[in-house]
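# Tertiary structure, described
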Amino acid sequence: MMTKLKEWLAPPVFADDKDNRTAYLLNIISISYVIVLTVLVILGIFQEGIPTVNRELYLVLGNRVLPLILAFVIAQFLMRRGNIRQATSIYIVVLWLSAASNTWQYGGIQASSLSNFILLVIMAGLLLGNRGAMITAATGVLFNLLVLILQNQGVITALEIPNSERFIGITLNLTLSAVYLSLFVRSLDEALNDAKTANDLLAQTRDTLERRVAERSQDLKLAAEIGGQVAQARDVESVLNEATTAIKDQFGLYQVQIYLTDATRENLILRASDGFAGSRLLETGHTLPIDEQSLNGSAAYKKQAVLVANTQENDSFRPHPLLPDTRSEMVVPLLVEDDVLGVIDLQSTEANSLTEEVLPAFTVLAGQLAIAIVNARQNRTIQENQRFMRSIIDAT
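Remember, it's a predicted structure, so these values are computed and weren't measured experimentally.

## Side note on the overall build of the chain
The secondary structure content of the chain amounts to 10 helices and six strands. Within the chain, buried positions represent 40% of all 396 residues. Long-range pairs, those at least 24 residues apart, make up 65% of the contacts in the chain with a sequence separation of at least 6. Accessible surface computed for the chain: about 22,100 Å², of which carbon and sulfur atoms make up 59%.

Below, the structure is given as structure tokens:
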């Protein structure tokens, strides 16, 4: 029973944070209003030590309690069907009519009746925002001005409010004003904290983006510098060896290897690698078929880069026995137009260090390296032709 009651009294949850905040405030305001008013009415009944019900108490019940219960039920009904805006608007309208009826039946403007409208303005500001508060205040001022005019003309006569009734009204409004102002301060603090969190997140995002842009710019700069160095080499072996050493040193990689296609274009032959693992692989004439069974073969077969950002999270990755510390690997094809010359295999000991973010730099580098290989081969062909022509001339 209690569990179901708590579930029913709890505010519904919406997808929008603003609606959630409004639903929470409406729930707190409507429930607290009912509780405080009920307590004060009970105190009024037992103010002389014995239950006493008089005309003034009937007015309180008719003008405040019953409309409040009606507003509470309607607001809860609409709110739980997702109509949070309608729920808050109707709640404020019903309470406004209750305050107006209370002012009218008591025959004019009283301190307690004015405090009712002040309390309504606070509630409207919390539930409906600035515009709702302004409309509530404006309509309240106009209504009380009309009552004042009619009171001065003798159309309506102010009734004498008993002290007990006055005490109940003022205490109710002061108590609820304190509660709602505390809610307002809390909402303001939450909004400020949300704004601060958003600003901090924005600043962090900006710093991260700036750092990434700087890192990518540095990567592209390094790629251009290495490409310039490699382009000066005159033979293929020098191009490959210089590229392998420069890329490994400049980018701080674990292993860099360059494969070139064989004459049949069906296999990749390891042509450049360094370190113990590289020398062993070169000694054995390491080759790989151009297919999708390996990272290098797949990159050449598909003519596009292949990435394994974190080898420990990739079930299909099989580390080479000579390179057990590889945690991130990238293979970029060496392309000249649509022709695959080979691939460059990059390996790092740090997971997620070779990702899509650094791919543009290595793509540029692979393109420069492919052009350098073509130039070196053309240079070798020219030199061979020159030697051939010189041998003919010498023979004649």
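Let us keep going from here.
## Regarding the pairing of strand β2 (residues 267–272)
Pairing between strand β1 (residues 255–261) and β2: four bridges, direction antiparallel. Bridged to Thr-261 within β2 is Leu-268. A loop of five residues connects β1 with β2, the two strands running antiparallel in sequence, and Arg-265 in this loop sits at a positive phi of about 60°. Summarising the sheet, β2 and strand β3 (residues 287–289) pair through three bridges and their orientation is antiparallel. Among the inter-strand pairings, Leu-268 is bridged to a residue of β3, identified as Leu-288.

## Things to note about the packing of aromatic side chains
Overall, the coordinates contain four aromatic pairs when judged by the stated rule. A centroid spacing of 5.6 Å and a plane angle of 65° characterise the contact between Trp-96 and Phe-143, whose relative ring orientation is edge-to-face. Taken as a pair, Trp-96 in helix α4 (residues 84–105) and Phe-143 in helix α5 (residues 111–152) lie far apart in primary sequence, 47 residues in all. Given the relative accessible area of 18%, Trp-96 is considered buried. The interplanar angle of 40° and the centroid separation of 6.0 Å between the aromatic rings of Phe-117 and Phe-143 together place this pair among those described as tilted. Taking relative accessible area as the criterion, Phe-117 reaches 7% and is therefore assigned buried. Here Phe-143 falls in the buried class, since its relative accessible area comes to 15%. Site record: aromatic cluster; members linked through ring pairs are Trp-96, Phe-117 and Phe-143.

## As for the pattern of salt bridges
Inspection of every chain in the model, using the stated rule, returns five salt bridges. Taking the shortest distance from any N to any O, the salt bridge between Asp-338 and Lys-303 comes out at 3.0 Å. Of this pair, Asp-338 sits in the loop between β5 (328–336) and β6 (339–348) while Lys-303 sits in the loop between α9 (295–302) and β4 (306–308), and the two are 35 residues apart along the sequence. A residue is classified by how much of its surface remains accessible, and Asp-338, at 55% relative accessible area, is exposed.

## Here we look at the pairing of β5
Within β5, seven of the nine residues are buried, leaving the element largely enclosed by the surrounding structure. Sheet topology places β5 next to β6; nine bridges connect them, and they run antiparallel. Paired with Pro-333 across the two strands is Val-343, which belongs to β6. The antiparallel pairing of β5 with β6 creates a hairpin that spans two residues between the two strands, and Glu-337 there sits at a positive phi of about 60°.

## Describing the nonpolar core
Grouped together as the largest cluster of nonpolar side chains are 40 residues, with contacts concentrated most on Tyr-33, Tyr-91, Met-123 and Tyr-180. Elements supplying a minimum of two residues to this core: α2 (17–45), α3 (55–79), α4, α5 and α6 (163–231). By residue number, the principal contributor to this core is α5, which donates 12 residues. Those residues in contact with Met-123 that lie beyond four places of it in its chain are Ile-29, Tyr-33, Tyr-91, Ile-92, Leu-95 and Tyr-180. The next biggest cluster of nonpolar side chains, apart from the first, holds 28 residues, and it includes Phe-251, Val-256, Leu-346 and Leu-369.

## Quick notes on the sheet that holds β5
With antiparallel pairing, the six strands of this open sheet are ordered in space as β3-β2-β1-β6-β5-β4. Two strands lie at the open edges of the sheet, namely β3 and β4, each paired on one side alone. Strand-to-strand, the axes of this sheet are offset by a mean angle of 25°, without reference to chain direction. Helix-sheet contacts for helix α8 (residues 275–283) involve β1 and β2, and the interaxial angle to β2 is about 130°.

## Some details on α9
The complete set of buried residues in α9 reads Asn-296, Gly-297, Ser-298, Ala-299 and Ala-300. In this structure, the buried side of α9 is in contact with β1, β2, β3, β4, β5 and β6. Two residues or fewer past α9, Lys-303 is found with a positive phi of approximately 60°.

## Here's the deal with unusual backbone geometry
Here the phi dihedral of Glu-337 falls at roughly 60°; this positive angle occurs in a residue that is not glycine. Along the chain, the position of Glu-337 falls in the loop between β5 and β6. With a phi angle near 65°, Asn-352 is a residue other than glycine that sits in the positive phi range. Looking at the element boundaries, Asn-352 is found in the loop between β6 and α10 (359–395). The class of Asn-352 is partly exposed, set by a relative accessible area of 48%.

About the criteria used
- Residues numbered from 1 in each chain as written.
- Predicted model: local features only at pLDDT ≥ 70, side-chain atom pairs only at ≥ 80, totals over all residues.
- Heavy atoms only, no water.
- Helix = DSSP H or I, 4+ residues; strand = E, 2+ residues; numbered from the N terminus.
- Buried < 20%, exposed > 50% of the residue type's maximum accessible area, 1.4 Å probe, protein only.
- Contact = heavy atoms within 4.5 Å.
- Areas by Shrake-Rupley, 256 points an atom, 1.4 Å probe, with all protein chains shown as cover.
- Pairing = 2+ DSSP bridges.
- Phe/Tyr/Trp six-rings, centres within 6.5 Å; stacked < 30°, edge-to-face > 60°.
- Salt bridge = Lys/Arg side-chain N within 4 Å of Asp/Glu carboxyl O.
- Core = buried A, V, L, I, M, F, W, Y, C linked by side-chain atoms within 4.5 Å.
- Axes fitted to C-alpha atoms, helices over the stretch in contact; angles between N-to-C directions.

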